[in-house]
Amino acid sequence: MAKSCKDARGLIPYFWIVNMKQYFKENYQFLAISFFWTITGILLKETALLLVPAALILYKYKGQYSEVVLTIFLINYLSDNRHDELLFAAKTKGYIIMLAGLLYYINLRNFPERSKIIRPFIPFFIVAFLLFPRNPDPALSFQKTLSYFLLIAAIPNYFLRQLAVEKEVFLRKLIWLITLLYIIGLITIYTLPYDWAYWADRYQGFMGNPNGIGVMSTVTFLLIHVSQYHFPKMFSRTEKYIIYAVLFISLIMSGSRNSIFSIAIFLFFSYVYKISPWIGFAIVIFAAVIFQVINENLAAIFTAIGLGSYLRVDHLDNGSGRLIAWTYAWGEIQKHYFILGRGFAFEEHLFALKQDWFVVRGHIGSVHNSFLAVWLNTGIIGLIGFIYGILSNFIRAAKVNPLAFPCMFAIIFSNMFESWLQASLNPFTIIALLVLTLLQYEKPADKEESTVPVL
């Protein structure tokens, strides 16, 4: 895998950068400020605790709310990297989401249109806030619960405001920023030590592991498609080639099976739902029934079609270590945490206690399933509230957007193998929230002018 990735040097043509010149021209101030606090954070880590919040406040008072969102996304993107040089991002991101929430609540007049995404999640958050005192680290649990609440309660309102003010310009800024980060990740193959670009001989770009690139590609792919549903002309043909090229090159090089399947699920159901939503539901039910049969024979299927090596079928029997994590989590749920869990971040504490035991058995990381993580943290009561919040929002979105259920299936599938949706401090949940906001967004008539205040 590593050799084939290194042979991809010719896949980074000069015209990618040349065709981004308009993006650089329009966003040079944001890029310069972001570059400054990134380099300063690398050299003097503690300065980031001052510089990044200062940048956020500056953008707010200049009325640049898009840059507020972009900064929140960027600090979370950088925090996913495991190297000590970017440790400042991990230390800073919690304060940033809380500051963004505070700036929203003290300036409500600048957000006349309010998102309804938070409403179905209120029962879930009631349970989560009641349980944080049971956590081994109550302060950390409360902080993570609060940051997750602020993410869902406040950040979609930034999205709605900028969709009203800037329309597709806001989406272009974010998608081009993600594209730039993909390109930087590819450049690290040739400019930084091997362990920056690779993890266990799999490409990880500028993120913390190959699956991070995979999840990022999944949610970005959904974002691009839903954005173009509302604004079909937001990208030229050449721009689409660049954006999709860096996304799929990075995804394929990462070898993330789950993300490839998640995107395939989205594309398949997008097509099916154009024919009939009822056929789509029937296929979902049928797939659920035969899932176990397919799962048991997956290695043989991949080998038969010649993809055994690329999709790492030798790891399928143990689910790349995930089956061990799921079995352990389910056993703990049955014994101790079926009804009530022990608050946000408890699954991290639980798995940290057994880390040596997991490493010996070939598993690194946590539970790798958002729903099991929510169950450990909040019990079955919290899990029901969490699932209700997700389903309610996508059902509401399906009334105005035919891509709602295909997006939901892709996101749920991804979270069956990764536990990113139940966390606020990562770049994936932010993009997923924007996708959900766009799915529920009803674009006003072009003749109507935005009434959103500039400041």
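Anything mentioned here points back to the structure above.
Residues numbered from 1 in each chain as written. Predicted model: local features only at pLDDT ≥ 70, side-chain atom pairs only at ≥ 80, totals over all residues. Heavy atoms only, no water.

K.L.:
Let's hear about the pattern of salt bridges: which residues, and what values?
P.N.:
Inspection of the entire model under this criterion finds 6 salt bridges. The residue Lys 91 makes a salt bridge to Glu 46 at a minimum N-O spacing of 3.8 Å. In this pair, Lys 91 sits in helix H7 (residues 87-105) while Glu 46 sits in the loop between helix H4 (28-43) and helix H5 (48-61), placing the two residues 45 residues apart along the sequence. For Arg 172, the salt bridge is made with Glu 239, and the minimal N-O distance between the two is 3.2 Å. Note that Arg 172 is positioned in helix H10 (residues 168-191) and Glu 239 in helix H13 (residues 237-254), a separation of 67 residues in sequence. A single burial state applies to Arg 172 and to Glu 239, both of which are buried. (Salt bridge = Lys/Arg side-chain N within 4 Å of Asp/Glu carboxyl O. Helix = DSSP H or I, 4+ residues; strand = E, 2+ residues; numbered from the N terminus. Buried < 20%, exposed > 50% of the residue type's maximum accessible area, 1.4 Å probe, protein only.)

K.L.:
Can you lay out unusual backbone geometry for me, pointing to particular residues and giving the numbers?
P.N.:
Residue Ala 345 is not a glycine yet carries a positive backbone phi of 75 degrees. With respect to the element layout, Ala 345 can be found in the loop between helix H17 (322-337) and helix H18 (346-353). By relative accessible area, Ala 345 is classed as buried at 7%. One non-glycine residue, His 368, adopts positive backbone phi at about 60 degrees. Here His 368 falls in the buried class, since its relative accessible area comes to 15%.

K.L.:
Now, about the packing of H17 against H18: what can you tell me, with residues and values included?
P.N.:
Remark: H17 packs on H18, axes separated minimally by 12 Å, with the N-to-C direction vectors making an angle of 110 degrees. Classified by the angle their axes make, H17 and H18 are roughly perpendicular. Crossing of H17 over H18 shows right-handed handedness. Counted together, Ala 325, Tyr 328, Ala 329, Glu 332 and Tyr 337 of H17 and Phe 346, Leu 350 and Phe 351 of H18 form the full contact between these two elements. Looking at the contact of H17 with H18 residue by residue, the classes come out as 7 nonpolar, no polar and 1 charged. (Axes fitted to C-alpha atoms, helices over the stretch in contact; angles between N-to-C directions. Parallel < 35°, antiparallel > 145°, perpendicular 65-115°, else oblique. Left-handed = near helix turned anticlockwise from the far one by under 90°. Contact = heavy atoms within 4.5 Å. Nonpolar A, V, L, I, M, F, W, Y, C, P; charged D, E, K, R; others polar.)

K.L.:
Pulling in residues and values, what's your account of the environment of Thr 188?
P.N.:
With respect to the helices and strands, the residue Thr 188 is situated in helix H10. With a relative accessible area of 3%, Thr 188 lands in the buried category. Spatially, the C-alpha atom of Thr 188 lies 7.5 Å from that of Phe 206, the residues being 18 residues apart in sequence. In this structure Thr 188 touches Ala 197, Gly 205 and Phe 206, once residues within four positions along its chain are discounted. There is a polar contact of 2.4 Å between the side chain of Thr 188 and the backbone oxygen of Gly 185. (Polar contact = N/O pair within 3.5 Å; in protein donor to acceptor, adjacent residues only side chain to side chain.)

K.L.:
For the environment of Phe 111, give the residues involved together with the corresponding values.
P.N.:
The topology assignment puts Phe 111 in the loop between H7 and helix H8 (122-131). A relative accessible area of 1% places Phe 111 in the buried class. Residues Phe 111 and Arg 161 lie 50 residues apart in sequence; the distance between their C-alpha atoms is 6.1 Å. Residues contacting Phe 111, with those up to four places away along its chain left out, are Tyr 65, Tyr 104, Asn 157, Tyr 158 and Arg 161.

K.L.:
Explain the packing of aromatic side chains to me, using residue names and the numbers behind them.
P.N.:
Under the counting rule described, the total for this entry stands at 41 aromatic pairs. Seen from the ring of Tyr 61, Lys 60 lies directly overhead, with NZ or CZ sitting 4.1 Å from the centre. One cation-aromatic arrangement involves Arg 82 over Trp 199; the distance from NZ or CZ to the ring centre is 4.6 Å. (Phe/Tyr/Trp six-rings, centres within 6.5 Å; stacked < 30°, edge-to-face > 60°. Lys NZ or Arg CZ within 6 Å of the ring centre and 35° of its normal.)

K.L.:
Please give an account of helix H9 (residues 138-165) that cites residues and values.
P.N.:
The first and last C-alpha atoms of H9 sit 40 Å apart over 28 residues, in line with the 40 Å expected at 1.5 Å per residue. Approximately 30 degrees is the largest bend angle found in H9, and it occurs at Leu 151. Phi turns positive one or two residues past the end of H9, at Lys 167, with a value near 55 degrees. (Expected span 1.5 Å × (residues − 1). Bend = angle between axes of the 7 residues up to and from the residue.)

K.L.:
Explain a nonpolar patch on the surface to me, and be specific about the residues and the numbers.
P.N.:
There is a patch of nonpolar side chains on the surface, built from Trp 330, Phe 338, Ile 339, Leu 340 and Ile 381 and spanning about 430 Å² of accessible area. Tracing the backbone through its elements, the reader meets Trp 330 in helix H17. (Patch = residues over 30% accessible without salt bridge, like charges linked within 9 Å, V, L, I, M, F, W, Y side chains within 5 Å. Areas by Shrake-Rupley, 256 points an atom, 1.4 Å probe, with all protein chains shown as cover.)

That is the geometry; function is a separate question.
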